[in-house]
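Structure at a glance
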Amino acid sequence: MSDQAVLHVKGRVLVGPEDIRDELWVIDGRISYDRPVDAHDVRTVDGWALPGLVDAHCHVGLGPHGPVDAATAETQALADRDAGTLLLRDAGSPSDTRWIDDRENLPKIIRAGKHIARTRRYIRNFAHEIEPDELVAYVGQEAQRGDGWVKLVGDWIDRDLGDLSACWPREAVEAAIAEAHRLGARVTAHCFAEDALRDLVEAGIDCIEHATGLTEDLIPLFASRGVAIVPTLVNIATFPHLAAGGESRYPSWSAHMLRLYERRYDTVRAAYDAGVPVYVGTDAGGSLAHGLVAAEVAELVTAGIPAVEALSATAWGARRWLGRPGLEEGASADFVVYEADPRADVRVLASPRRVVLNGLVIE
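Residues numbered from 1 in each chain as written. Predicted model: local features only at pLDDT ≥ 70, side-chain atom pairs only at ≥ 80, totals over all residues. Heavy atoms only, no water.

Description of the overall build of the protein chain
When helices and strands are tallied, the protein chain shows twelve helices and 20 strands. What you see for the protein chain is a C-alpha radius of gyration of 21 Å, in line with the 21 Å of a compact globule of 363 residues. By principal-axis analysis of the C-alpha atoms, the protein chain measures approximately 70 × 40 × 35 Å. Buried residues in the protein chain amount to 56% of all 363 residues. Considering only contacts within the protein chain whose residues lie at least 6 apart along the sequence, 66% involve residues at least 24 apart. Carbon and sulfur atoms make up 47% of the accessible area of the protein chain, which amounts to about 14600 Å² in all. (Helix = DSSP H or I, 4+ residues; strand = E, 2+ residues; numbered from the N terminus. Rg over C-alpha atoms; globule rule 2.2 N^0.38 Å. Buried < 20%, exposed > 50% of the residue type's maximum accessible area, 1.4 Å probe, protein only. Contact = heavy atoms within 4.5 Å. Areas by Shrake-Rupley, 256 points an atom, 1.4 Å probe, with all protein chains shown as cover.)

Next comes the structure, spelled out in structure tokens:
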């Protein structure tokens, strides 16, 4: 053991929803369940410890008009950290945020590279905007730039149609997803509406973001293929505002967005009940603030997902899905301590008592 101070966490350590221990130690930034024999300068923290929370859909380095400077990206990451969110799946960003990897006081990020969208079918300055014959090449490029994920824009408003519609033909997504998998990357896609989903799932996609277009006939397909969803309900809450802004110009799109919004809780609960994996994501970045994971977990509970399962969707289950450790022996000491049991009331997540990242207590 080095001369680094030792942290002792006492109370209840939620290694898993049913694996509860009385204490853990942090030695040289790593978790241990063995009491050190020559510990000195021991700092003690009491409470309920949970693995660092996961936001499986956010955008560090992205603002309302595109990429932001490093200072703004840092502010975004700090907001997540201070909320106890210590692992981020960055679901598309035009900014290079690799410098964050060298900062022990900022959350760990799993990147999906830059969004890949159809020409003039997404928010300006956010994405590569390309045509279907370029999709395989761009997916290959972003698969190698990211951390094991690629992000497609699966649907968006078609201004000629006046409503949401799929962005890619079936054969294009089949080839692109196959290329990502060949390179060892998983693929996810932004999808609000219904009509892109079947092609994407049957083409082998790994995850769908938002998934508001899930219907009774599609849910069994998702469940049988093991395709996860990240509902981003705190973002779906903005649909009425968006619909109102576009009602005069695109009335069909506006009405469609409102229908998707109105059935959002039923959609998520039906997917969960059918066995579709559901994970927590906020869509922070762009126009939405960072640090909203507690609110998203509460939204999943409102949708009817049991509290422990909603908690797992941002803790044990989410980390397992992303291939990152939780509170295992020898893992990086990334955890949050709360006053009370978050399994009993997920609203506790909004008020961390202590945040520990890489073994450092964030003050």
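A few points about the pattern of salt bridges
Tallied over the entire structure, the rule returns 24 salt bridges. Among the salt bridges present, the one from E174 reaches R170, with a minimum N-O distance of 2.7 Å. Linking E174 with R170, this pair stays in helix α3 (residues 170-182), spanning four residues, or about one helical turn. You can call E174 partly exposed: its relative accessible area is 34%. Among the residues examined, R170 registers a relative accessible area of 25% and is labelled partly exposed. Notably, a salt bridge pairs R182 with E179, separated by 2.9 Å at the nearest N-O pair. (Salt bridge = Lys/Arg side-chain N within 4 Å of Asp/Glu carboxyl O.)

A closer look at the environment of T282
With respect to the helices and strands, T282 occurs in the loop between α9 (264-273) and α10 (293-302). A relative accessible area of 0% places T282 in the buried class. On a C-alpha basis, the gap between T282 and I219 in space is 22 Å, while along the polypeptide they are 63 residues apart. Apart from residues no more than four positions distant in its own chain, T282 is found in contact with D55, H57, C58, T232, V234, N235, L288, L292, V293 and E296.

A short note on the sheet that holds strand β9 (residues 108-111)
Across the sheet, which stays open at both edges, the three strands sit in the order β5-β8-β9 with parallel pairing between neighbours. A strand with exactly one partner marks an edge of an open sheet, and here the two such strands are β5 (53-58) and β9. Each strand axis lies, on average, 20 degrees off the axis of its neighbour in the sheet, ignoring direction. Of the strand pairs in this sheet, β5 and strand β8 (residues 85-90) are connected by four bridges, and their pairing is parallel. Across the sheet, the residue bridging to C58 is D90, located in β8. (Pairing = 2+ DSSP bridges. Axes fitted to C-alpha atoms, helices over the stretch in contact; angles between N-to-C directions.)

Points about a positive patch on the surface
Taken together, R120, R124, R159 and R249 make up a surface patch of like positive charges. Along the polypeptide, R249 turns up in the loop between α7 (239-246) and α8 (251-262). A relative accessible area of 66% means that R249 is categorised as exposed. (Patch = residues over 30% accessible without salt bridge, like charges linked within 9 Å, V, L, I, M, F, W, Y side chains within 5 Å. Lys, Arg positive; Asp, Glu negative; His and termini not counted. Charge placed at Lys NZ, Arg CZ, Asp CG, Glu CD.)

Let's talk about the layout of surface pockets
Counted as a void, the largest pocket has a volume near 990 Å³. Every residue lining the largest pocket is counted, 33 residues in all, and those nearest its centre are Y122, I123, F126, W156 and L242. Among the secondary structure elements, those contributing two or more residues to the lining of the largest pocket are β13 (155-158), α7 and α8. When residues in the lining of the largest pocket are grouped by element, the largest group, three residues, is from α7. (1 Å grid on protein atoms, 1.4 Å probe; cavity = no way out; pocket = protein on both sides within 12 Å on 5 of 7 lines; lining within 4 Å. Points joined across faces, edges and corners; volume = space filled by probe spheres on them.)

Things to note about empty space enclosed by the protein
Evaluation of the coordinates by the stated rule reveals two cavities of 30 Å³ or more. In terms of lining, the largest cavity is formed by G154, A166, W168, V173, D195, A196, D199 and L200. For the lining of the largest cavity, the class distribution of residues is five nonpolar, one polar and two charged. When its volume is computed, the second largest cavity comes out at roughly 40 Å³. (Nonpolar A, V, L, I, M, F, W, Y, C, P; charged D, E, K, R; others polar.)

Describing the nonpolar core
Counting 81 residues, the largest nonpolar core has L50, L135, I205, I208, L214, F222 and L300 as its most contacted members. The element best represented in this core is α3, accounting for five residues. Residues in contact with F222, not counting those within four places in the same chain, are L197, V201, I208, L214, V227, I229 and V276. Of all hydrophobic cores here, the second largest spans 16 residues; its members include V15, I31, F335 and V337. (Core = buried A, V, L, I, M, F, W, Y, C linked by side-chain atoms within 4.5 Å.)

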